[in-house]
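Residue-level structure breakdown
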Amino acid sequence: MLFAVVSTVGLWGYAFLWPQPVFGKLDDTTFPTAAEGVCAPVRSAINALPRANESANNVDRAATIDLATNQLDALLLRMETLPRGSEKANRSVGEWLDDWRIYVANRRDYAGRLKEDKTARFYVAQSDRDRRGITDAIDRFANTNKMPSCATMPDIA
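Quick word on the overall build of the chain
Each helix and strand in the chain was counted, giving 5 helices and 0 strands. Listing the helices and strands of the chain from first to last along the sequence gives α-α-α-α-α. In the chain, which comprises 157 residues, the proportion classed as buried is 37%. Put simply, 68% of the contacts in the chain that link residues at least 6 apart link residues at least 24 apart.

Following this line, the structure appears as structure tokens:
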């Protein structure tokens, strides 16, 4: 009986007190440090654009989304050139940037549909890795690696 109690307490102690690896956490902070510095000014620029309720109509709103998405295209090109550090970081960052490309394509698709239909809805693709919306995967990686400015932009919501 004592063995069972000690084993159970030990198992729960290990589960809650032993440091667990964080999924998606990069051991090498080379990329996150550089990326945050690149993302922050782009986030500020996009946040300065008119909000959806400030647009005169759906065509103007789509044009604003296109302007923001152009900035995201340039951001992705810039992030491609940043040092990534380790091979593991290189692979993880590559997958994350692939997710970003899908998200940018989702934005382009939405803006195109919005120009023709004022009731168009914004849809995001599902992540191949965890079957959630691609924005969840992007944001989780950005936040886990202390790159809050590199999370998806809230301008479409």
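Structure shown, so let's carry the discussion forward.
Let's talk about the confidence of the model for the chain
For any part of a model where pLDDT is low, the fine detail of the predicted coordinates should not be relied upon. The predicted model of the chain averages 87 in pLDDT, with 84% of residues at 70 or higher. Between residues 18–22, whose pLDDT stays under 50, and residues either more than four places distant or in other chains, the model counts 4 contacts.

Observations concerning the packing of aromatic side chains
Counted according to the given criterion, the structure contains 6 aromatic pairs. Geometrically, the ring pair formed by Trp96 and Trp100 is edge-to-face, given 6.4 Å between the ring centres and 85° between the ring planes. Of this pair, Trp96 and Trp100 both sit in helix α4 (residues 87–116), separated by 4 residues, roughly a single helical turn. Here the two residues Trp96 and Trp100 agree in accessibility, since each one is buried. With 5.3 Å between their ring centres and 35° between their planes, Trp96 and Phe141 make a pair best called tilted. In this pair, Trp96 sits in helix α4 while Phe141 sits in helix α5 (residues 134–144), placing the two residues 45 residues apart along the sequence. Here Trp96 matches Phe141 in class, with each residue buried. Among the aromatic residues, ring-to-ring pairing joins Phe31, Trp96, Trp100, Tyr103, Tyr110, Phe122 and Phe141 into one connected group.

The rules we used
- Residues numbered from 1 in each chain as written.
- Predicted model: local features only at pLDDT ≥ 70, side-chain atom pairs only at ≥ 80, totals over all residues.
- Heavy atoms only, no water.
- Helix = DSSP H or I, 4+ residues; strand = E, 2+ residues; numbered from the N terminus.
- Buried < 20%, exposed > 50% of the residue type's maximum accessible area, 1.4 Å probe, protein only.
- Contact = heavy atoms within 4.5 Å.
- pLDDT = per-residue confidence, 0-100.
- Phe/Tyr/Trp six-rings, centres within 6.5 Å; stacked < 30°, edge-to-face > 60°.

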